[in-house]
Amino acid sequence: QVQLVESGGGLVQPGGSLRLSCAASGSIFSIKTMGWYRQAPGKERELVATITSGGNIKYADSVKGRFTISRENAQNTVHLQMNSLKPEDTAVYYCNVEVTRSGNYWGKGTLVTVSS
(Lines give C-alpha, C1' and ligand atoms only; values in the text may rest on other atoms or scores of the structure.)
Protein backbone atom coordinates (compact mmCIF):
# COMPACT_ATOMS: atom_id res chain seq x y z
CA GLN A 1 0.00 0.00 0.00
CA VAL A 2 0.91 3.61 -0.55
CA GLN A 3 0.15 6.50 1.77
CA LEU A 4 0.00 10.14 0.71
CA VAL A 5 0.36 13.00 3.16
CA GLU A 6 -0.60 16.46 1.92
CA SER A 7 0.25 19.76 3.56
CA GLY A 8 0.19 23.48 2.89
CA GLY A 9 -3.45 24.37 2.46
CA GLY A 10 -5.11 27.26 4.24
CA LEU A 11 -6.71 30.67 3.92
CA VAL A 12 -5.09 33.30 1.73
CA GLN A 13 -6.14 36.64 0.33
CA PRO A 14 -6.61 37.16 -3.40
CA GLY A 15 -3.26 37.71 -5.03
CA GLY A 16 -1.47 35.73 -2.37
CA SER A 17 0.55 32.54 -2.57
CA LEU A 18 0.50 29.07 -1.08
CA ARG A 19 2.70 26.03 -1.52
CA LEU A 20 1.22 22.56 -1.34
CA SER A 21 3.31 19.46 -0.73
CA CYS A 22 2.54 15.76 -0.94
CA ALA A 23 4.81 12.99 0.29
CA ALA A 24 4.28 9.39 -0.76
CA SER A 25 5.42 6.48 1.37
CA GLY A 26 4.94 2.73 1.58
CA SER A 27 5.46 0.02 -1.00
CA ILE A 28 6.81 2.13 -3.83
CA PHE A 29 8.81 0.66 -6.69
CA SER A 30 8.76 3.88 -8.64
CA ILE A 31 6.31 6.66 -9.36
CA LYS A 32 5.30 7.40 -12.94
CA THR A 33 3.16 10.48 -12.57
CA MET A 34 2.47 12.80 -9.65
CA GLY A 35 -0.14 15.47 -9.75
CA TRP A 36 -2.71 17.71 -8.18
CA TYR A 37 -6.43 17.84 -8.76
CA ARG A 38 -9.05 20.02 -7.15
CA GLN A 39 -12.73 19.99 -6.43
CA ALA A 40 -14.70 23.12 -5.73
CA PRO A 41 -18.10 23.01 -4.00
CA GLY A 42 -20.74 21.75 -6.38
CA LYS A 43 -18.25 20.96 -9.11
CA GLU A 44 -16.48 17.88 -10.41
CA ARG A 45 -12.89 17.11 -9.59
CA GLU A 46 -10.55 18.59 -12.19
CA LEU A 47 -6.91 18.33 -13.11
CA VAL A 48 -4.67 21.16 -11.92
CA ALA A 49 -1.19 19.94 -12.87
CA THR A 50 0.74 16.72 -13.39
CA ILE A 51 4.41 15.86 -13.76
CA THR A 52 5.88 12.62 -15.01
CA SER A 53 9.06 10.92 -13.86
CA GLY A 54 10.69 12.26 -17.00
CA GLY A 55 9.71 15.82 -16.18
CA ASN A 56 6.84 16.27 -18.61
CA ILE A 57 4.37 18.75 -17.17
CA LYS A 58 0.74 19.47 -17.89
CA TYR A 59 -1.28 22.38 -16.50
CA ALA A 60 -4.93 23.27 -16.61
CA ASP A 61 -5.42 26.39 -18.73
CA SER A 62 -6.89 28.18 -15.73
CA VAL A 63 -3.64 27.96 -13.74
CA LYS A 64 -1.00 28.37 -16.46
CA GLY A 65 1.44 31.11 -15.59
CA ARG A 66 0.36 31.17 -11.94
CA PHE A 67 1.00 27.65 -10.61
CA THR A 68 4.21 25.63 -10.78
CA ILE A 69 4.46 21.91 -10.13
CA SER A 70 7.71 20.23 -9.16
CA ARG A 71 8.81 16.91 -7.74
CA GLU A 72 11.65 15.44 -5.75
CA ASN A 73 12.04 11.89 -6.98
CA ALA A 74 14.37 10.76 -4.21
CA GLN A 75 11.82 11.81 -1.59
CA ASN A 76 8.72 10.77 -3.58
CA THR A 77 7.40 14.27 -3.05
CA VAL A 78 5.48 16.64 -5.27
CA HIS A 79 4.92 20.35 -4.72
CA LEU A 80 2.51 22.88 -6.13
CA GLN A 81 3.52 26.53 -5.86
CA MET A 82 0.42 28.65 -6.29
CA ASN A 83 0.84 32.37 -6.95
CA SER A 84 -1.61 35.14 -7.81
CA LEU A 85 -4.40 33.15 -6.25
CA LYS A 86 -7.97 33.99 -7.15
CA PRO A 87 -11.25 33.30 -5.34
CA GLU A 88 -12.09 30.77 -8.05
CA ASP A 89 -9.06 28.73 -6.98
CA THR A 90 -10.89 27.91 -3.76
CA ALA A 91 -11.26 24.13 -3.57
CA VAL A 92 -10.08 20.98 -1.91
CA TYR A 93 -6.80 20.03 -3.55
CA TYR A 94 -5.97 16.35 -3.89
CA CYS A 95 -2.61 14.76 -4.50
CA ASN A 96 -2.53 11.86 -6.96
CA VAL A 97 0.26 9.43 -7.77
CA GLU A 98 0.57 6.60 -10.23
CA VAL A 99 2.86 3.97 -8.75
CA THR A 100 4.55 1.42 -10.98
CA ARG A 101 3.23 -2.15 -10.47
CA SER A 102 0.80 -0.87 -7.86
CA GLY A 103 -1.79 1.53 -9.08
CA ASN A 104 -3.27 4.95 -8.67
CA TYR A 105 -3.56 6.60 -5.25
CA TRP A 106 -5.27 9.69 -3.87
CA GLY A 107 -4.55 11.83 -0.85
CA LYS A 108 -7.29 12.89 1.55
CA GLY A 109 -7.21 16.45 0.29
CA THR A 110 -6.23 19.84 1.67
CA LEU A 111 -8.52 22.86 1.63
CA VAL A 112 -7.40 26.06 -0.07
CA THR A 113 -9.59 29.09 0.52
CA VAL A 114 -8.93 32.33 -1.31
CA SER A 115 -10.90 35.14 0.25
CA SER A 116 -10.53 38.65 1.56
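Below is a short write-up of the structure.

Rules of the game
- Residues numbered from 1 in each chain as written.
- Predicted model: local features only at pLDDT ≥ 70, side-chain atom pairs only at ≥ 80, totals over all residues.
- Heavy atoms only, no water.
- Phe/Tyr/Trp six-rings, centres within 6.5 Å; stacked < 30°, edge-to-face > 60°.
- Helix = DSSP H or I, 4+ residues; strand = E, 2+ residues; numbered from the N terminus.
- Buried < 20%, exposed > 50% of the residue type's maximum accessible area, 1.4 Å probe, protein only.
- Lys NZ or Arg CZ within 6 Å of the ring centre and 35° of its normal.
- Core = buried A, V, L, I, M, F, W, Y, C linked by side-chain atoms within 4.5 Å.
- Contact = heavy atoms within 4.5 Å.

### So, the packing of aromatic side chains
- The full count for this structure, using the stated rule, is one aromatic pair.
- Between Y37 and W106, the ring centres sit 5.0 Å apart and the planes meet at 65°, which makes this aromatic pair edge-to-face. Placement of Y37 in strand β4 (residues 31–39) and of W106 in strand β10 (residues 103–106) is noted, with a sequence separation of 69 residues between them.
- For Y37, a relative accessible area of 19% translates into the label buried.
- Here the guanidinium or amino end of R101 rests over the ring plane of F29, the centre of that ring lying 4.0 Å away.

### Some thoughts on the nonpolar core
- Of all hydrophobic cores here, the largest spans 30 residues; its most connected members are W36, L80, M82 and Y93.
- Elements with a minimum of two residues in this core: β1 (2–7), β3 (18–26), β4, β5 (46–52), β7 (67–72), β8 (77–82), β9 (91–99) and β11 (110–114).
- Leave out the neighbours within four places in its chain, and Y93 touches E6, L20, W36, Y37, R38, V48, F67, L80, M82, G109, T110 and V112.

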